[in-house]
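Structural features, examined
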Amino acid sequence: MTITQEELARRLREAREKSGFTQEQVAKALGLVRPVIAQIEAGKRKVSSLELAALARLYGRPLSSFFEEAFEADGISFIWRAIPELHQQPKVQRAISRGLEIINSILELENKLGITRLKSAPAVIYPKKVQTKLEAIQHGKEVAGQERSRLNLGLAPIPDPAAILDSQGILIFGFELPPGISGFTFRSDQAIICAINADEPPVRQRYSIIHEYCHVLCDLNDLPGIVSRSESGKDLREVRADVFAANFLMPEEAVQIFLASRGKSIPSRAKTHLLIKDEIVSYEARRTEQASRINYIDAVQMANHFGVSVESVIWRLNDLKLISEKEKKDLLEKDKSEWGKILKKYLSKQHPLSMGKNKIIYQNAREHLLSLAIEAARKGLISRRKFIELLKLSGLAEKDIFMFPEARRV
Amino acid sequence: MAKGEIILIADSNAIIDLIKLAILNSICKLPDYKFLIVKEVYQEITRLEQREMLDEAISNRLVSLVSLIEIEELQLFSRFSLSLGAGEAASLAYAYYHGTYFLSDENNNAFMREIRNTISEARLKRTLDILAEAISEKLFSILSLKKRIKELEAKAVTPRDLNDIEHFKRILLKLENRDG
């Protein structure tokens, strides 16, 4: 289908408006003056291919989207509307535009390579509009239990949260996002995509991955996407996702078993089950007053055990009524103190999950793009120049690019 | 043939090769040819010294800079961009829409597939072809090219430079074989 110049002009205006950019901001980003953008959008000046590609990159849309039969003005644009301050932060805005360009390139390459996910979404979703905070908490808790059970996760800690999303057909990537934004989730034609703020500490990122998973399970049914802000605690969707993440990563029973194994905080005559030589043995454990108090070292060890932050452990212990408000306050203060930092440094050193701090905990978008580009080049689906462009987009330096046989002239 | 009869739109590698071989100005003086580049190709030439030589050729009207602005050109560009680099996609869209020749030494499957589906191999010119014509027009000689390649070889440092030298040597060999 060939569209008219007027239709293209209309689509360009619509794409800008849906992305929340002003003509002035677009002009500045493209190195033009505002009247030029106004003329282009009014169909009074023809847009060049160079300008069109720059506009597509700025809005985070595939270039081809402007020529599709059914023009989808909304789509990914929700991100720009959901994070309006992006327009005031050119550096972050460029990072987001580039991130979206990477996602679009990944989806285009996957399409070219005929990659079809066996799943394009989780088999089960739990959409529910929650009206009160209590309802949000209850629903988050319920869904976490149901989902853990559906995925047969038992009570064990989750070594790689990203692998869970991956197993459900969800694409998950790390991006440089503005402070205060832990991630965002959206649905494209091909897949559900979760983006995690790669600048946050890895334990926080693990939490964010599961937080975003809750949005996939509960919110994407009636929204194009959702942005998670750390300060949006009053938003009931965010409350539910936080409760979900805490319950999913640290199930109540798993927390109790962990604490009991350290002689902490089990009821004075609690029934405990142990698996000894294929036989479940129940026994009543007694505790001493001294042993029952949960201290900061327990919280650090528990954080290591579940692969979460000490802060989220403290909140979880309080949610489960295993520590009082006063104890929570004391532990949080310790967590922020210099002593707390030193303790975390040494206690986390050799723990397998915390060692993941130095590892990639999800598939990095740039790495995924790189591997797809190599595959597409090897199969002769993209030209050598396109391959070089994609490698540059993946962040490779020119001196490294020409080490790839596919980048060389033969 | 009158001057300007064969319109040749060049991709960035072809232009860079001519600049490296120090024959851009001579080649652009070939009778019967008019050399064009799209703005995307101009942007792909990022090395300062190469950009300066290209600017000089543009200001001397040896090379003309063109843009894609017609809706059909934009649509073609968008389509070709899925498998070609920006400069290639824009050049091919221009060549296809305006019925010009395309100067490129690319030969991988994706590139050739797009060529065959659009302008056909008959309208694809190779650097070898125009070098041979320039030599027959006595714009420069094989000997001078050989000398230049040796100079470049002595200065080559990066993997890209070395890869270019290999490419030039292959062209040189073919020229010598043609020459008999």
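Rules of the game
- Residues numbered from 1 in each chain as written.
- Chains lettered and ligands numbered in written order.
- Predicted model: local features only at pLDDT ≥ 70, side-chain atom pairs only at ≥ 80, totals over all residues.
- Heavy atoms only, no water.
- Helix = DSSP H or I, 4+ residues; strand = E, 2+ residues; numbered from the N terminus.
- Rg over C-alpha atoms; globule rule 2.2 N^0.38 Å.
- Contact = heavy atoms within 4.5 Å.
- Areas by Shrake-Rupley, 256 points an atom, 1.4 Å probe, with all protein chains shown as cover.
- Lys, Arg positive; Asp, Glu negative; His and termini not counted.
- Charge placed at Lys NZ, Arg CZ, Asp CG, Glu CD.
- Core = buried A, V, L, I, M, F, W, Y, C linked by side-chain atoms within 4.5 Å.
- Buried < 20%, exposed > 50% of the residue type's maximum accessible area, 1.4 Å probe, protein only.
- Buried area = accessible area lost by both parts, 1.4 Å probe.
- Salt bridge = Lys/Arg side-chain N within 4 Å of Asp/Glu carboxyl O.
- Polar contact = N/O pair within 3.5 Å; in protein donor to acceptor, adjacent residues only side chain to side chain.
- Phe/Tyr/Trp six-rings, centres within 6.5 Å; stacked < 30°, edge-to-face > 60°.
- Lys NZ or Arg CZ within 6 Å of the ring centre and 35° of its normal.
- Patch = residues over 30% accessible without salt bridge, like charges linked within 9 Å, V, L, I, M, F, W, Y side chains within 5 Å.
- Axes fitted to C-alpha atoms, helices over the stretch in contact; angles between N-to-C directions.
- Parallel < 35°, antiparallel > 145°, perpendicular 65-115°, else oblique.
- Nonpolar A, V, L, I, M, F, W, Y, C, P; charged D, E, K, R; others polar.
- Pairing = 2+ DSSP bridges.
- pLDDT = per-residue confidence, 0-100.

Further remarks concern the overall build of chain B. Counting its secondary structure elements, chain B contains 10 helices and five strands. Taken over the C-alpha trace, chain B has a radius of gyration of 16 Å; the compact-globule value for 180 residues is 16 Å, and the two agree within 12%. C-alpha extents for chain B along the principal axes are approximately 45 × 40 × 35 Å. Intrachain contacts of chain B at a sequence separation of at least 6 include 67% that bridge at least 24 residues. For chain B, the accessible area works out to roughly 8100 Å², and carbon and sulfur atoms hold 50% of it. Across chain B, the mean location of the 25 positive side-chain charges is 3 Å away from that of the 28 negative side-chain charges.

Turning next to the overall build of chain A. When its secondary structure is counted, chain A shows 20 helices and six strands. At a minimum sequence separation of 6, the contacts of chain A that also span at least 24 residues come to 64%. Of the roughly 19900 Å² of accessible surface on chain A, 53% is carried by carbon and sulfur atoms.

A word on the nonpolar core. Formed by 131 residues in total, the largest nonpolar core has its most connected members in Leu8(A), Phe66(A) and Ile79(A). Those residues in contact with Leu8(A) that sit more than four places away from it in its chain are Ile3(A), Val47(A), Leu52(A), Phe66(A), Phe67(A), Ile71(B) and Leu74(B). Counting 51 residues, the second largest nonpolar core, distinct from the first, contains Val143(A), Ile210(A), Phe244(A) and Leu332(A).

What follows covers the interface of chain B and chain A. Contacts between the two partners involve 39 residues from chain B, matched on the other side by 33 residues from chain A. Where chain B abuts chain A, roughly 3100 Å² becomes buried across the two surfaces, and 51% of that area is made up of carbon and sulfur atoms. Our count for the chain B to chain A interface comes out at seven salt bridges. Put simply, Arg47(B) and Glu398(A) hold a salt bridge, and the shortest N to O gap is 3.9 Å. One can count 20 residue pairs in polar contact (both at pLDDT 80 or more) joining chain B with chain A. Contributing elements (two or more residues each) for the side of chain B that touches chain A: helix H1 (12-20), helix H3 (39-44), helix H5 (71-80), helix H6 (86-98), helix H7 (109-117) and helix H10 (159-179) of chain B.

This part covers the packing of aromatic side chains. A full pass over the atoms with the stated rule returns 12 aromatic pairs over all chains. Taking 6.2 Å as the distance between ring centres and 55° as the angle between the ring planes, the aromatic pair formed by Phe258(A) and Phe306(A) counts as tilted. Highlighted residues: Phe258(A) in helix H11 (residues 252-261) and Phe306(A) in helix H13 (residues 296-306), separated in sequence by 48 residues. In this structure, Phe258(A) and Phe306(A) share a single accessibility class: buried. Ring-pair connections join several aromatic residues into one group, and the members of that group are Phe21(A), Tyr59(A) and Trp80(A). Lying across the ring of Phe248(A), Arg148(A) places its NZ or CZ 5.8 Å from the centre. A cation over an aromatic ring shows up here: Arg51(B) above the ring of Tyr42(B), its NZ or CZ 4.1 Å from the ring centre.

With that settled, consider unusual backbone geometry. The phi angle of most residues is negative, glycine excepted, and most peptide bonds adopt the trans form. All names here are of chain A. Of note in the backbone geometry, Asn152 takes a positive phi value of approximately 55° without being a glycine. By the secondary structure assignment, Asn152 is in the loop between helix H7 (133-150) and helix H8 (161-167). Judged by relative accessible area, which is 68%, Asn152 ranks as exposed. One non-glycine residue, Lys321, lies in positive phi territory at about 60°. Position of Lys321 relative to the elements: it lies in the loop between helix H14 (310-319) and helix H15 (325-336).

Right, let's talk about a nonpolar patch on the surface for a bit. On the surface, Ile297(A), Trp339(A) and Leu347(A) cluster together into a nonpolar patch covering about 260 Å² of accessible area. As for its placement among the helices and strands, Trp339(A) is situated in helix H16 (residues 338-347).

A separate point is the packing of H1(B) against helix H4 (residues 48-59) of chain B. Residue and element names in this part refer to chain B. The N-to-C vectors of H1 and H4 enclose an angle of 95°; their axes lie 10 Å apart at closest approach. Judged by the angle between their axes, H1 and H4 are roughly perpendicular. For the pair formed by H1 and H4, the contact residues are Ile15, Ile16, Ile19 and Lys20 on the first element and Gln50, Met53 and Leu54 on the second. For the contact of H1 with H4, the per-class residue count stands at five nonpolar, one polar and one charged.

What follows deals with the pairing of strand S4 (residues 225-229) of chain A. Residue and element names in this part refer to chain A. In terms of residue burial, S4 counts as a mostly covered element, since five of its five residues are buried. Judged by which residues are buried, S4 turns out to be covered on both faces: Gly225, Val227 and Arg229 on one side and Ile226 and Ser228 on the other are all buried. Note that strand S2 (residues 181-187) and S4 share five bridges and pair antiparallel. In the sheet register, Ile181 faces S4, and the bridge partner there is Arg229.

So, about the sheet that holds S2(A). All names here are of chain A. A sheet is described by the order of its strands in space; here four strands give the open sequence S1-S3-S2-S4, paired in mixed fashion. The sheet is open, and its two borders are formed by strand S1 (170-175) and S4, each paired with just one other strand. Taken over all neighbouring pairs, the strand axes of this sheet differ in orientation by 15° on average, direction set aside. Taken together, the six bridges between S1 and strand S3 (residues 192-197) define a ladder with parallel strand orientation. Bridging across to S3, Ile172 finds its partner in Cys194. Of the strands in this sheet, S1, S2, S3 and S4 are in contact with helix H9 (residues 202-218), which crosses S3 at around 150°.

Another aspect to go through is the confidence of the model for chain A. Residues and elements named next belong to chain A. Mean pLDDT for chain A: 84, with 87% of residues reaching 70 or above. Per-residue pLDDT, averaged within each element of chain A, yields its smallest value for strand S5 (residues 270-276) (45) and its largest for helix H3 (residues 34-41) (97). A low-confidence stretch, residues 268-278 stays under pLDDT 50, and its non-local contacts, those more than four residues away or across chains, total 24 contacts. Ignoring residues within four places in sequence, the model shows residues 352-361, a span with pLDDT below 50, making 21 contacts including any to other chains.

This part takes up the environment of Val26(A). Residue and element names in this part refer to chain A. The residue Val26 is located in helix H2 (residues 23-30) in this model. Given a relative accessible area of 0%, Val26 falls into the buried group. A C-alpha to C-alpha distance of 47 Å links Val26 and Asp319, two positions 293 residues apart in sequence. Discounting chain neighbours no more than four positions away, the residues touching Val26 are Arg16, Phe21, Ile37, Leu55, Leu58 and Tyr59.

This part is about the pattern of salt bridges. According to the stated counting rule, one finds 34 salt bridges over all chains in the structure shown. Ionic pairing is found between Arg150(A) and Glu147(A), a salt bridge with its closest N-O pair at 2.7 Å. With Arg150(A) and Glu147(A) both in helix H7 and three residues apart, this pair spans about one turn of that helix. Of the residues examined, Glu147(A) reaches a relative accessible area of 0% and is grouped as buried. Salt-bridge contacts for Arg204(A) lead to Glu200(A); the nearest nitrogen and oxygen are separated by 3.7 Å. With relative accessibility at 16%, the residue Glu200(A) sits in the buried group. Bridged by salt links that share partners, the residues Glu398(A), Arg409(A), Asp17(B), Lys20(B), Arg47(B), Arg160(B), Asp161(B) and Asp164(B) form one connected network.

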